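# Descriptive analysis of the structure
Listed below are the residues making up each chain.
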Amino acid sequence: MIAALVALLLTGLLAPALDRLAGRFAGLVAAVVPAAGAWVFGAALFADFELSPVALPWAPRLGLELALRADGLALLFAFLITGIGALVSVYAGSYLAEQAARGRFLLWLYAFMFAMLGLVLADNLLLVFVFWELTSFSSFMLIGFGHERGAARAAAQQALLITAGGGLALLMGLLLLGGIAGGMELGSILAAGDTLRAHPWYAPATLLVLIGCFTKSAQWPFHFWLPDAMEAPTPASAYLHSATMVKAGIYLLARLQPALGGTALWQIVVGATGTVTLLVGGWLALAETDLKRLLAYSTVSALGAMTLFLGLSGGLAVTAAVALVVAHACYKGALFLVAGAVDHGSGTRDIRELGGLRRALPWTAVAAILAGISMAGLPPLFGFIAKEAALAGAMELGWWLIAAIVLFGAFAVFVAIQVALRPFFGAARASLASAHEVPVAMLAGPLLLALAGLALGLAPMVLAEPLIGPAATAIAGTVIAPKLVLWHGFDAALGLSALSLVLGLLLSFASVHVRRLVAATTLPIGPTRCYGLVLAGTLGTAKQVTNLIQNGRLRFYLISILLVLVALVLYALQSAQSRPLPAFSLPPVHHLLLALLLVSAAAAVALFEARLLAIAAIGVVGLLVSLIFVLHGAPDLAITQLAIDALSVVLLVFAFRHLPDYRRVSSVRRRLVDTAIALGVGTTVTLLVLLALGVRPIAPISDWYSEQAVPGGHGRNVVNVILVDFRSLDTLGEIVVLAVAAIGVHALVRSLHRPGTGNGGGQA
């Protein structure tokens, strides 16, 4: 498992270089890696080959370790991720043959493949979240691959905001689950199911996890981002939005069902959300004419059906959910690739402009027909068996579920006819006279996926049961041995299947009127509109806040910083109200006189209106500070203060000559306010210093310097020893800064005397 993840990551990193070397065959060469992974995971499923769990330390203090395990559910998803990923990689190399950024696409495709595989194999909740967020980011890059188009950028942003927002909710939910269970390992979470369901935090933890799953798997009301994400190139749509990414939420629902399922909360929220999503997605699909958006809305409907069954209990419901996952991956992946082939070969995806392409694209038509039969739920394709399993589970649980599944089947029949039959049959369009078959690399994916659906349907006990049985067992927590057969005889499930077929045919025959009906029933304010309003409101609020706190006025910035500093310090000091100030004796008279002069000089700076008087007052302040240093035995600091103060006064005199008369822009009232703020800051700092002087938990550092100066630094001048030995790196840094500044000054001076530099050459 570690080898598979590392190999996918390295393949993605090397994809741009591989594209430069192999050109349009880069996708084919890179596909060797996921194909090898599919072989290994397939062997583990079909040949009962055991993959040992992995547990490597990563961040033990955070409870995070690289823990991987491969049970039946993880192996099924890993097999789909790598197998379909290999086919999409081959397809993408040819589909993007004219794209200069093909290497970049392959990089992000394999980054997503790496993240998705890590997600399903992870055995630690924090690791699950890490890979979860990686799928969101890599899918953002794939959806926005055509970033020169505004629609692609908007769709990528929308998908990222919704899935990442759900990811934050998921993180909080996972942390709550880990805290309740006492560990972040999935094994401990699943083993603590009774504890979790009885805990007072069960409801908020479950709801947070469900929000994360619903956003990722495009459940209502978050469903709208999936059709909009069809701005992505077709290989990304086929891989992310039919077989892998949108099933990440389905996977996590299935993974956590043994621990969180079985309660009324789980059944109501998950079941109701799945039902609404099933109906909304199928209904909205009836109004679409773009091949990819048709498939996207039908994907929303299918994801709703999977979620619905995962919200229910019982072996039949779990079997139906897993069977739908497998069937949907085969036929929907094939149909998305067919849509890309039709667009590539004819130049359009609008079904109103398509027809009669079976002669120009014969092999694409074969793949489309096989996948369409499976999607419509007709024998002998595996879609028929999956629909029979869904109907069997529905009949066990209630009439409302039967009605929902019949409608789901009718919507699927409608979409299958529109996507798999209408473009290829009927009268040939004159505008499509130049249509042509796509390259073999683009045919391999849809044909193999369609044939996989046929093989699973013809031999379900041999091929389908090894895929579905272990996964259903992992979800239910008990051994489930599904009995999947192509023909159950004439029973109620077959009658309901025929009913859905008839309803789908009726919808297809009346497609024009149905589109008008859907358009008429569309609400003016739906989830898409709400998203736009929330986004616009957030951006508007952010702009107003930015204009308020980033107004370009230095005075406002300084006042804000100082007031916040005072507030924070006073809040922290309130706990020290009972701590007395340190005792101190009255200082000598000359000290008091010096302090009085210092305060008077500082006040003069704020009150004087004449420039030179204010600057002179600043100089007096600096001089008095240097006298304080002298009185406390720091002559070196006094000399430094005097030098800096003299230089500052000179520079201020020269600078203020070129400034306007500040009396015109600074009123007495404003200066009084500034003085009050300064007094408040000074008082706060004084209180802080006085309290700090009264707290000496350890000996002062100055004593240590004095003791170590001779034995450690071999010098009796403590200040020199500190600068040269104890703080040598600090001193070295200051020397380097001065040296760099000196080099810059030297370069500027030399440039003044260089010919052709304006004032150089003595022309100034």
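Let me sum up the structure you'll find in this document. (Residues numbered from 1 in each chain as written. Predicted model: local features only at pLDDT ≥ 70, side-chain atom pairs only at ≥ 80, totals over all residues. Heavy atoms only, no water.)

Let us look at the overall build of the protein chain. Tallying secondary structure elements over the protein chain gives 32 helices and two strands in all. If one aligns the C-alpha atoms of the protein chain with their principal axes, the spans along those axes are about 110 × 70 × 55 Å. Looking at the 764 residues of the protein chain, the share that counts as buried comes to 46%. When contacts within the protein chain are restricted to residue pairs at least 6 apart in sequence, those whose partners lie at least 24 apart make up 78%. As displayed, the protein chain offers around 36,400 Å² of accessible surface, 71% of which is attributable to carbon and sulfur atoms. Here the protein chain contributes 42 positive and 33 negative side-chain charges, whose respective centroids are spaced 11 Å apart. (Helix = DSSP H or I, 4+ residues; strand = E, 2+ residues; numbered from the N terminus. Buried < 20%, exposed > 50% of the residue type's maximum accessible area, 1.4 Å probe, protein only. Contact = heavy atoms within 4.5 Å. Areas by Shrake-Rupley, 256 points an atom, 1.4 Å probe, with all protein chains shown as cover. Lys, Arg positive; Asp, Glu negative; His and termini not counted. Charge placed at Lys NZ, Arg CZ, Asp CG, Glu CD.)

By the secondary structure assignment, L627 is in helix 27 (residues 611-631). L627 sits 301 residues away from V326 along the chain, and the two C-alpha atoms are 85 Å apart.

The subject of this paragraph is empty space enclosed by the protein. A probe as big as a water molecule, rolled over the atoms, marks out the empty space that is left. With the rule as written, the count across this model stands at three cavities of 30 Å³ or more. Roughly 120 Å³ of volume is contained in the largest cavity. What lines the largest cavity is a set of 17 residues, and nearest its centre among them are L324, Y331, M375, G383 and F408. If you list the elements that add at least two residues to the lining of the largest cavity, you get helix 15 (291-310), helix 16 (315-346), helix 17 (362-376), helix 18 (382-397) and helix 19 (399-421). With four residues, helix 16 is the single largest residue contributor to the lining of the largest cavity. Taken together, the residues of the lining of the largest cavity break down into eleven nonpolar, five polar and one charged. (1 Å grid on protein atoms, 1.4 Å probe; cavity = no way out; pocket = protein on both sides within 12 Å on 5 of 7 lines; lining within 4 Å. Points joined across faces, edges and corners; volume = space filled by probe spheres on them. Nonpolar A, V, L, I, M, F, W, Y, C, P; charged D, E, K, R; others polar.)

Within the largest apolar cluster, 194 residues are counted, with the highest numbers of intra-cluster contacts made by L117, L121, L177 and F309. Examining the composition of this core, we find that 21 residues originate from one element, helix 16, more than from any other. In this structure L177 touches L125, I189, L196, A205, V209, L256 and L260, once residues within four positions along its chain are discounted. (Core = buried A, V, L, I, M, F, W, Y, C linked by side-chain atoms within 4.5 Å.)

Bringing unusual backbone geometry into the picture now. In this structure, the amide linkage connecting W220 to the following residue, P221, adopts the cis form with an omega of 10°. Within the secondary structure, P221 is located in the loop between helix 10 (202-216) and helix 11 (225-228). The peptide bond linking P379 to P380 adopts the cis configuration, its omega dihedral lying at 5°. Mapped onto the elements, P380 comes out in the loop between helix 17 and helix 18.

Attention now goes to the packing of helix 10 against helix 13 (residues 248-260). When two helices pack together, their arrangement is given by the angle between the helix axes and by the axis-to-axis distance. Two elements in contact, helix 10 and helix 13, have axes whose closest approach is 8 Å; the angle formed by their N-to-C orientations is 160°. On the basis of their axis angle, the class for helix 10 and helix 13 is roughly antiparallel. Note that helix 10 runs across helix 13; the crossing there is left-handed. Contacts from Y202, T206, V209, L210, C213, F214 and K216 of helix 10 reach helix 13 at A248, G249, L252, L253, L256 and L260. Here the contact of helix 10 with helix 13 is composed, by residue class, of ten nonpolar, two polar and one charged. (Axes fitted to C-alpha atoms, helices over the stretch in contact; angles between N-to-C directions. Parallel < 35°, antiparallel > 145°, perpendicular 65-115°, else oblique. Left-handed = near helix turned anticlockwise from the far one by under 90°.)

In this section: the side chain of S298. With respect to the secondary-structure elements, S298 resides in helix 15. Within the structure, the side chain of S298 is placed 2.9 Å from the side chain of K332, a separation counted as a polar contact. Non-local contacts of S298, meaning those with residues more than four positions away in its chain, are made with A285, K332, M375 and V415. (Polar contact = N/O pair within 3.5 Å; in protein donor to acceptor, adjacent residues only side chain to side chain.)

Compared with an ideal rise of 1.5 Å per residue, which puts 22 residues at 32 Å, helix 14 (residues 264-285) spans 31 Å between its outermost C-alpha atoms and is within 8% of the ideal. Those residues of helix 14 lying buried are W266, V270, G271, T273, G274, T275, T277, L278, G281, G282 and A285. In the core, the buried residues of helix 14 are packed alongside helix 10, helix 13, helix 15 and helix 19. (Expected span 1.5 Å × (residues − 1).)

Below, the discussion takes up the packing of aromatic side chains. When we look at a pair of aromatic rings, we describe it by the centre distance and by the angle of the planes. Following the criterion strictly, the structure yields 13 aromatic pairs and no others. Between F224 and Y531, the aromatic rings sit 5.7 Å apart at their centres with planes inclined by 50°, giving tilted as the arrangement. Here F224, found in the loop between helix 10 and helix 11, pairs with Y531, found in helix 24 (residues 527-549); they are 307 residues apart in sequence, far enough to count as distant. Both residues of the pair, F224 and Y531, count as buried. (Phe/Tyr/Trp six-rings, centres within 6.5 Å; stacked < 30°, edge-to-face > 60°.)

What follows deals with helix 30 (residues 701-713). Between its first and last C-alpha atoms helix 30 spans 15 Å; for 13 residues at 1.5 Å apiece the expected length is 18 Å, and the helix comes up short by more than 12%. Helix geometry: helix 30 is bent most strongly at E707, by close to 35°, with proline P711 lying one to four residues after it. Buried residues of helix 30: Y705, A709 and G713, and no others. Buried residues along helix 30 sit against helix 31 (718-726). Immediately beyond the C-terminal end of helix 30, within one or two residues, lies H714, with a positive phi of roughly 55°. (Bend = angle between axes of the 7 residues up to and from the residue.)

With that settled, the discussion passes to the layout of surface pockets. The computed volume of the largest pocket comes to approximately 610 Å³. Surrounding the largest pocket, 18 residues form its lining, L594, A595, L598, V599 and I628 being those nearest its centre. Per-element tally for the lining of the largest pocket: the top contributor is helix 26 (residues 589-607), with ten residues. Of the residues assigned to the lining of the largest pocket, the class counts are 15 nonpolar, three polar and no charged.

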